[in-house]
Amino acid sequence: MSHKLITFLLLGIFCIVLFYLMKTTPSGLIPNEDTGTFFITVELSPGTSLEQTDSVMDQIDHILVSVPVLQSRTRIVGTSLIAGSGSSYGTFICRLQDWSDRKGKGENVNSIIGLLYARTQVINDARILIFAPPMIPGFSITNGFEFDLQDKTGGDINKFYGVAQEFLAALNQRPEITTAQTSFNPNFPQYLIEVNVPQAVREGISPSDILTTLQSYYGGYYASNFNRFGKLYRGWYRQIIYTGEIRKR
């Protein structure tokens, strides 16, 4: 009580510092930080061949070379961190230089992501998503959230796809959402392949080896049957989504 002036002065300084921190501290669902790593997922039209996907990946790779603070990059054709495996998918895992070597302005991971978005706009054949990993392991893969849409009417899948696209368009108009995407697309060509198990055994080839080989080309395989609701169903690990020519070896 004998030092009222000092007390009110310290209180004022505390309020000013608190206001400054509230304005400068990153906000959001979980504030992102620069870990020096970011990912690029590439998605082309359904049924795109692996060769065409690789060509688009070449274009992105040439753009990445022009980033001076990029230390290393890993290129994976035929796999997406979000959609899984398929000939129309591609992934880059990029590592930036250490913070001690990135002292210039605009060399943080968010600035680099914005720069790459601007430079990859010339690639019209692919949908490109660039994001940094979340600060909390296991909290999504894009530092965001995900949800599922369910068609309880049992209607046409193409109509449901249209509803999903309209819903995504509405989400992308909201200011608090940076981007909203889905890997759901009913336009992938599909094939049902029956393996002649007795013939494969006579030839000395395991049916599992045949399915594994097809998976590397098509992105999915028939797993097993399972019982549910008193009926027998077929279990599939992803749908077959690659369009190409099947050649006998």
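Residues numbered from 1 in each chain as written. Predicted model: local features only at pLDDT ≥ 70, side-chain atom pairs only at ≥ 80, totals over all residues. Heavy atoms only, no water.

Participant: Please clarify how the sheet that holds strand β2 (residues 70-80) should be interpreted in this entry.
Facilitator: Sheet strands pair via backbone hydrogen bonds, and the direction of the pair is either parallel or antiparallel. Taken together, four strands build an open sheet; the order of strands is β2-β3-β1-β4 and the sheet is antiparallel. Pairing within the sheet leaves two strands with one partner each, and these edge strands are β2 and β4 (127-131). Direction aside, neighbouring strands of the sheet carry axes that sit 15 degrees apart on average. When strand β1 (residues 37-43) meets β4, the two strands line up antiparallel, connected through five bridges. (Pairing = 2+ DSSP bridges. Helix = DSSP H or I, 4+ residues; strand = E, 2+ residues; numbered from the N terminus. Axes fitted to C-alpha atoms, helices over the stretch in contact; angles between N-to-C directions.)

Participant: I would appreciate a short explanation of the packing of aromatic side chains in the present structure.
Facilitator: Pairs of aromatic rings are described using the distance from one ring centre to the other and the angle between the two planes. Following the criterion strictly, the structure yields three aromatic pairs and no others. An angle of 55 degrees between the planes, with centres 5.7 Å apart, marks the rings of F39 and F131 as tilted. Placement of F39 in strand β1 and of F131 in strand β4 is noted, with a sequence separation of 92 residues between them. Overall, F39 belongs to the buried group, its relative accessible area being 15%. Relative accessible area serves as the criterion here: at 5%, F131 is assigned to the buried category. Cluster of aromatic residues (ring-pair linked, three or more members): F160, Y161 and F184. The cationic tip of R102 hangs over the ring face of W99; the distance from NZ or CZ to the ring centre is 4.7 Å. (Phe/Tyr/Trp six-rings, centres within 6.5 Å; stacked < 30°, edge-to-face > 60°. Buried < 20%, exposed > 50% of the residue type's maximum accessible area, 1.4 Å probe, protein only. Lys NZ or Arg CZ within 6 Å of the ring centre and 35° of its normal.)

Participant: Help me out: how do you make sense of the environment of T53 in this one?
Facilitator: In this structure, T53 sits in helix α2 (residues 50-65). Expressed as a C-alpha distance, the spacing of T53 and V77, which sit 24 residues apart in the sequence, is 7.2 Å. In this view, T53 contacts L44, T48, V77, S87, S88 and Y89; residues no more than four positions away in its chain are not counted. (Contact = heavy atoms within 4.5 Å.)

Participant: Help me understand the confidence of the model for the protein, please; the structure alone is not making it clear to me.
Facilitator: Atom-level detail of predicted coordinates should not be read off regions where pLDDT is low. The predicted model of the protein averages 80 in pLDDT, with 80% of residues at 70 or higher. In this model, residues 237-249 is a region of pLDDT below 50 whose contacts with residues beyond four sequence positions or in other chains number 42 contacts. (pLDDT = per-residue confidence, 0-100.)

Participant: Could you clarify how one ought to interpret a nonpolar patch on the surface in this entry?
Facilitator: Residues I6, L9, L10, I13, V17, Y20 and L21 make up a contiguous nonpolar surface patch of roughly 700 Å² in combined accessible area. Taking relative accessible area as the criterion, I13 reaches 44% and is therefore assigned partly exposed. (Patch = residues over 30% accessible without salt bridge, like charges linked within 9 Å, V, L, I, M, F, W, Y side chains within 5 Å. Areas by Shrake-Rupley, 256 points an atom, 1.4 Å probe, with all protein chains shown as cover. Salt bridge = Lys/Arg side-chain N within 4 Å of Asp/Glu carboxyl O.)

Participant: Before we go on, may I ask you to explain the nonpolar core in this structure?
Facilitator: Nonpolar side chains in soluble globular proteins tend to end up buried together. In this structure, F38, I40, V42, I60, L64 and L116 are the most contacted members of the largest nonpolar core, which totals 24 residues. Of all the secondary-structure elements, those providing two or more residues to this core are β1, α2, β3 (84-96), α3 (109-119) and β4. Counting residues per element, this core draws most heavily on α2, which supplies five residues. Beyond its immediate stretch of four places on either side in the chain, I60 contacts I40, V42, F92, I123 and I128. (Core = buried A, V, L, I, M, F, W, Y, C linked by side-chain atoms within 4.5 Å.)

Participant: Would you explain helix α1 (residues 4-24) in this entry?
Facilitator: What sets the pattern is the α-helix's 3.6 residues per turn: residues three or four places apart point alike. Under the 1.5 Å per step criterion, the end-to-end length of α1 is 30 Å for 21 residues, consistent within 8% with the ideal 30 Å. The buried fraction of α1 is low, at zero of 21 residues. (Expected span 1.5 Å × (residues − 1).)

Participant: Looking at this model, I keep getting lost on the side chain of S87. Mind explaining?
Facilitator: Looking at the secondary structure, you find S87 in strand β3. Looking at S87, its side chain comes within polar contact range of the main-chain oxygen of T48, at 2.7 Å. (Polar contact = N/O pair within 3.5 Å; in protein donor to acceptor, adjacent residues only side chain to side chain.)

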